[in-house]
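Here are the chains, one letter per residue:
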Amino acid sequence: MKIILPQLTAILPHLEELPAALLVTGGRAPSIDWLQKVAPEKMLFCADHGLDSCLDANLEPSFIIGDGDSMSEKAKKYMCTAKAQNLALPQEKDLTDTQAALSFIEKKCAKATIFVTGAFGGRFDHLFSTLFSLAFQKAPFVCAADEKEVLLFLKSGEKMTLNFSQAPLSLSLLPFSARCTGVSLQNVRWTLNNACLEQSYPYAVSNRAYSGDIKVSIDEGILGLYAFFAPESSITP
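Here the structure is a predicted model, which is why all the values come from computation and not from measurement.

Asker: Can you lay out the packing of aromatic side chains for me, pointing to particular residues and giving the numbers?
Answerer: What the rule picks out here adds up to 10 aromatic pairs. Judged by centre distance (5.1 Å) and plane angle (65 degrees), the ring pair of Phe153 and Phe176 falls under edge-to-face. Of this pair, Phe153 sits in strand β9 (residues 149-155) while Phe176 sits in the loop between β11 (170-175) and β12 (179-186), placing them 23 residues apart in sequence. Ring plane angle 40 degrees and centroid distance 6.1 Å describe the contact between Tyr201 and Tyr203, whose orientation is recorded as tilted. Accessibility expressed as a relative area gives 42% for Tyr203, which makes it partly exposed. Lys42 extends its terminal NZ or CZ atom over the ring of Phe115, reaching a point 4.8 Å from the ring centre.

Asker: Please set out the sheet that holds strand β3 (residues 20-24) residue by residue, giving values where relevant.
Answerer: In spatial order, the strands read β6-β5-β4-β3-β7-β8-β9-β15-β11; together these 9 strands make up an open sheet with mixed pairing. Two strands bound the open sheet, and with one partner strand each, they are β6 (85-88) and β11. With direction set aside, neighbouring strand axes in the sheet form an average angle of 20 degrees. Two elements, strand β5 (residues 63-66) and β6, share 4 bridges in a ladder whose sense is parallel. Its bridge partner being in β6, Phe63 is matched across the sheet by Gln85. Helix α4 (residues 97-108) contacts β3, β4 (43-47), β5, β6 and β7 (113-117) of the sheet and is inclined by roughly 140 degrees relative to β5.

Asker: Describe in detail the nonpolar core, supporting the description with residues and values.
Answerer: Counting residues in hydrophobic clusters, the biggest one holds 54 residues, and the most contacted among them are Leu8, Leu152, Met160, Leu162 and Leu173. Setting aside its immediate chain neighbours within four residues, Met160 contacts Ala10, Ile11, Leu12, Phe141, Leu152, Phe153, Leu154, Ile214, Lys215 and Val216. Grouped together as the second largest cluster of nonpolar side chains are 29 residues, Leu87, Ala101, Phe120 and Ala144 included.

Asker: Give me the lowdown on the pattern of salt bridges, citing residues and values where you can.
Answerer: For the coordinates displayed, the defined rule picks out 5 salt bridges. Where Asp146 meets Arg28, a salt bridge forms, and the shortest distance between an N and an O atom there is 2.7 Å. Taken as a pair, Asp146 in the loop between β8 (142-145) and β9 and Arg28 in the loop between β3 and α1 (32-38) lie far apart in primary sequence, 118 residues in all. Put simply, Asp125 and Arg123 hold a salt bridge, and the shortest N to O gap is 2.6 Å. Connected via shared salt-bridge partners are Arg28, Asp146 and Glu149.

Calculation criteria
- Residues numbered from 1 in each chain as written.
- Predicted model: local features only at pLDDT ≥ 70, side-chain atom pairs only at ≥ 80, totals over all residues.
- Heavy atoms only, no water.
- Phe/Tyr/Trp six-rings, centres within 6.5 Å; stacked < 30°, edge-to-face > 60°.
- Helix = DSSP H or I, 4+ residues; strand = E, 2+ residues; numbered from the N terminus.
- Buried < 20%, exposed > 50% of the residue type's maximum accessible area, 1.4 Å probe, protein only.
- Lys NZ or Arg CZ within 6 Å of the ring centre and 35° of its normal.
- Pairing = 2+ DSSP bridges.
- Axes fitted to C-alpha atoms, helices over the stretch in contact; angles between N-to-C directions.
- Contact = heavy atoms within 4.5 Å.
- Core = buried A, V, L, I, M, F, W, Y, C linked by side-chain atoms within 4.5 Å.
- Salt bridge = Lys/Arg side-chain N within 4 Å of Asp/Glu carboxyl O.

See below:
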């Protein structure tokens, strides 16, 4: 299976081509141009304030999920006439709007890959909740991304080949399980070969990717591959 984002292409040989769901949440809004490039051919879901990002990009979601506490007045008016299915949630609840949306997506399209944007920035507690919820999703593949940051998840026995169309400023491996064993990373400044990464001592950060294919694999655990990009406006021609 091939995962395509504006900054990169990822090949996951263990997966066949699958339908995709895009969830837009209420953290830092992705750029309009980036969101418009990513949205086509994906079922579109919004979690609360994520609806504002969709409206700014002239995108119509199929599902709107949340308690409405962070939506703009424009978004609330849109919901009155929208064709999208609205799954209203109470403000006092155990799950965040994003967690509730992920649970709904898992039930609605269990075999779909899940892309989440609007996850980064904003409150750290929400980001923490979102990323760990993503790490333990049952979906075949999940990622969190916008034009500045991309986090791809690999689980036990999986491998991935990455090719960057925009060079990242840094590349990091983040253990989301207590231990990640048999981790290998090739075609970078500091390679790994059958390494063990501990969540209590996450040292494999701020690596530098070389041009060409980057290969990463894991034997056991849940591993996040994180890439940080300079905003396009700051890149010198």
